[in-house]
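Structural description and commentary
Here is what each chain is made of, one letter per residue.
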Amino acid sequence: MRRDGLTQHTSARPLLEIRGLDLDFGTPRGRIHALRNVSLDVPVAQVVGIVGESGSGKSTLAYTVMGLLSENADIAAGSILFEGRDLLKMAAPARRNLLGDRLSMIFQDPMTALNPVRTIENQMIDIQHHEQRGWGEKRARAIEMLHRVGIPDPQSRIDAYPHQFSGGMRQRICIAMALLVRPALLIADEPTTALDATLEVQIIHLLKDLQKEIGCSILFVSHHLGAVAELCDRVVVMYAGEVVEHGAVRDIFHNPCHPYTRALLECDPGRIRQTTRTLPTISGEVPSLLGHKKGCIFSARCPQAFDRCVHEIPIEHPTGLEQTARCHLLDEERLVSV
Ligand code: ATP
Ligand code: SF4
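Reading the values: the criteria
Residues numbered from 1 in each chain as written. Chains lettered and ligands numbered in written order. Predicted model: local features only at pLDDT ≥ 70, side-chain atom pairs only at ≥ 80, totals over all residues. Heavy atoms only, no water. Helix = DSSP H or I, 4+ residues; strand = E, 2+ residues; numbered from the N terminus. Rg over C-alpha atoms; globule rule 2.2 N^0.38 Å. Buried < 20%, exposed > 50% of the residue type's maximum accessible area, 1.4 Å probe, protein only. Contact = heavy atoms within 4.5 Å. Lys, Arg positive; Asp, Glu negative; His and termini not counted. Charge placed at Lys NZ, Arg CZ, Asp CG, Glu CD. Near = heavy atom within 4 Å. Polar contact = N/O pair within 3.5 Å; in protein donor to acceptor, adjacent residues only side chain to side chain. Areas by Shrake-Rupley, 256 points an atom, 1.4 Å probe, with all protein chains shown as cover. Nonpolar A, V, L, I, M, F, W, Y, C, P; charged D, E, K, R; others polar. Pairing = 2+ DSSP bridges. Axes fitted to C-alpha atoms, helices over the stretch in contact; angles between N-to-C directions. Domains from an automatic or database assignment. Buried area = accessible area lost by both parts, 1.4 Å probe. Salt bridge = Lys/Arg side-chain N within 4 Å of Asp/Glu carboxyl O. Phe/Tyr/Trp six-rings, centres within 6.5 Å; stacked < 30°, edge-to-face > 60°. Core = buried A, V, L, I, M, F, W, Y, C linked by side-chain atoms within 4.5 Å.

Right, let's get into the overall build of the chain. In terms of helices and strands, the chain carries 14 helices and 12 strands. Computed over C-alpha atoms, the radius of gyration of the chain comes to 21 Å, within 12% of the 20 Å expected from 2.2 N^0.38 for 338 residues, which places it in the range of a compact globule. For the chain, the spread of C-alpha atoms along the principal axes amounts to about 70 × 45 × 45 Å. A burial count over the chain gives 53% of its 338 residues as buried. Intrachain contacts of the chain at a sequence separation of at least 6 include 65% that bridge at least 24 residues. Distance between charge centroids for the chain: 2 Å, based on 37 positive and 40 negative side chains.

Take the site of ligand 1 next. Around ligand 1, a shell composed of 17 residues is seen, among which Ser54, Gly55, Lys58, Ser59 and Thr60 lie nearest. At 3.0 Å, a backbone N or O of Gly57 approaches an oxygen atom of ligand 1. The side chain of Asn72 places a nitrogen or oxygen atom 2.9 Å from a nitrogen atom of ligand 1. Burial of ligand 1 by the protein chains amounts to 67% of its free accessible area of 640 Å². Broken down by secondary-structure element, the contributors of at least two residues to the shell around ligand 1 are strand 1 (16–27), strand 2 (30–42) and helix 1 (58–66). Classifying every residue of the shell around ligand 1 by side-chain character gives 4 nonpolar, 10 polar and 3 charged.

Read across the open sheet, the 8 strands follow the order 6-7-8-3-9-10-12-11; overall the sheet is mixed. Taken across any chain shown, the strands that pair with only one partner, and hence form the sheet edges, are strand 6 (103–106) and strand 11 (316–320). For this sheet, the mean inter-axis angle between neighbouring strands, taken without regard to orientation, is 20°. Where strand 6 meets strand 7 (residues 185–189), 4 bridges bridge the pair, whose relative direction is parallel. Each residue of the ladder has a partner; that of Leu103, found in strand 7, is Leu185. Packing of helix 8 (residues 197–214) onto the sheet brings it into contact with strand 3 (47–51), strand 6, strand 7 and strand 8 (217–221), and relative to strand 8 it is tilted by some 160°.

Positive phi, normally seen in glycine, also occurs at Glu190, with a value near 50°. Along the chain, Glu190 turns up in the loop between strand 7 and helix 8. For Ala240, which is not glycine, the phi dihedral falls at a positive 45°. By secondary structure assignment, the location of Ala240 is in the loop between strand 9 (234–239) and strand 10 (242–248).

Time to look at the domain arrangement of the chain. Considered domain by domain, the chain is made up of domain 1 (1–102 + 185–202 + 215–272 + 280–338) and domain 2 (115–182). Facing the 10 residues of domain 1 at the interface are 10 residues of domain 2. Between domain 1 and domain 2, roughly 770 Å² of surface is buried when both sides are summed, and carbon and sulfur atoms account for 59% of that area. Our count for the contact surface shared by domain 1 and domain 2 stands at 0 salt bridges. Applying the counting rule to domain 1 against domain 2 returns 3 residue pairs in polar contact (both at pLDDT 80 or more). Considering only residue class, the side of domain 1 that touches domain 2 consists of 6 nonpolar, 3 polar and 1 charged.

Counting across every chain of the model gives 4 aromatic pairs. Consider the rings of Tyr239 and Phe298, whose centres lie 5.0 Å apart with planes at 80°: the pair is edge-to-face. Note that Tyr239 is positioned in strand 9 and Phe298 in the loop between helix 12 (269–275) and helix 13 (307–311), a separation of 59 residues in sequence. Residue Tyr239 shares its accessibility class with Phe298, and that shared class is buried. What links up through ring pairs into an aromatic cluster is the set Tyr239, Tyr260 and Phe298.

Grouped burial of nonpolar side chains is what soluble globular proteins tend to show. Ranked by internal contacts, the top residues of the largest apolar core, which has 93 residues, are Leu185 and Phe220. Both domains that furnish three or more residues to this core are identified here as domain 1 (1–102 + 185–202 + 215–272 + 280–338) and domain 2 (115–182). In contact with Leu185, other than residues within four places in its own chain, are Leu15, Leu16, Val42, Val65, Phe82, Arg102, Leu103, Ser104, Ser217, Ile218 and Leu219. Membership of the second largest hydrophobic core comes to 5 residues, among which are Cys257, Cys327, Leu329 and Leu330.

The final tally for this structure, using the stated rule, is 20 salt bridges. One salt bridge in this structure joins Glu242 and Arg36, with 2.8 Å as the shortest N-O distance. One end of the pair, Glu242, is in strand 10; the other, Arg36, is in strand 2, with 206 residues separating them in the sequence. Using a relative accessible area of 17% as the deciding quantity, one classes Arg36 as buried. Residue Arg139 is joined to Asp159 by a salt bridge in which the shortest nitrogen-to-oxygen separation is 3.3 Å.

The next subject is the environment of Phe220. With respect to the element layout, Phe220 can be found in strand 8. A sequence separation of 156 residues divides Phe220 from Thr64, and the C-alpha atoms of the two residues are 14 Å apart. When residues no more than four places from it in sequence are discounted, the contact partners of Phe220 are Val47, Val48, Gly49, Ile50, Ala188, Pro191, Ile204, Leu207, Ala227, Val228, Leu231 and Cys232.

As structure tokens, then:
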């Protein structure tokens, strides 16, 4: 186990290394501590899922990596190393250069990424501005990618505008645009939430195939545990701005060690895969993120909370080869077994 609490799961350096990230939003009501001491790795060519209830900080984390935060955001501490360079210390032009080149993003609403008054062709050619290729070649690559993501008749459809496509087709176009540049890291923020279940399955399979083909890493934010089980190699469970557990998908789904993860899964992975499209409801509410917290962030809702949980912040404990969880019970269990 490393000193920062993360387990070493590959010999190669991870593509993305987030360490001790603290982020607040300034609001008229006070500072919202949206991310607290968040650390996670995205290894090369792996898919890492981030799950957690609404308000747990998943999107904030994704947007922080992309450098797309609102003006009231304040990164109080931490680092985000991407290919070994700290994104938080990089000059703005260098950081902008990474976007749409080494780093791409797919948003929940495709219209966030697509310009409604420009044709798909214009937008797919613009996104290749880093490439030293002529217009004809860029158009051909765009058509090929549209074909790859299942847009019928891409030769003529490339000249259409976004509103001339269905929601599912628009999300496919966004995936085509994001992957056309062959990024090292694709950040997907709930890319299937707005789609119906059949389309969601198709998009997940598409992402899986393209990820293998391109060899990129994906940071996949999702409410859908079945989609995470299907697509991801690793999973990070967030609660109220903290990472409470992380590990290989099979380990987390078969042996969840944090009471919050157990509450989320609440049934075996087979059942999740077939029937659960959204996170199960856990009684109680995510706590307010205003002000500083004492003790374990989950204590007010945890069925196993005890005295220590209210006063002391739990540290990460290794619970498997590549799995850690932040819970005092794991400490107590170890003391009992010594
Ligand atoms: P969801 O699944 O609903 O998208 P999430 O896990 O992605 O939720 P975030 O959207 O990252 O959670 O929000 C984390 C916390 O930060 C929430 O309490 C949210 O209200 C707050 N927050 C997010 N953006 C801002 C902002 N610009 N200003 C103030 N508070 C914000
Ligand atoms: Fe529950 Fe305590 Fe563990 Fe927090 S530290 S998850 S309150 S048992």
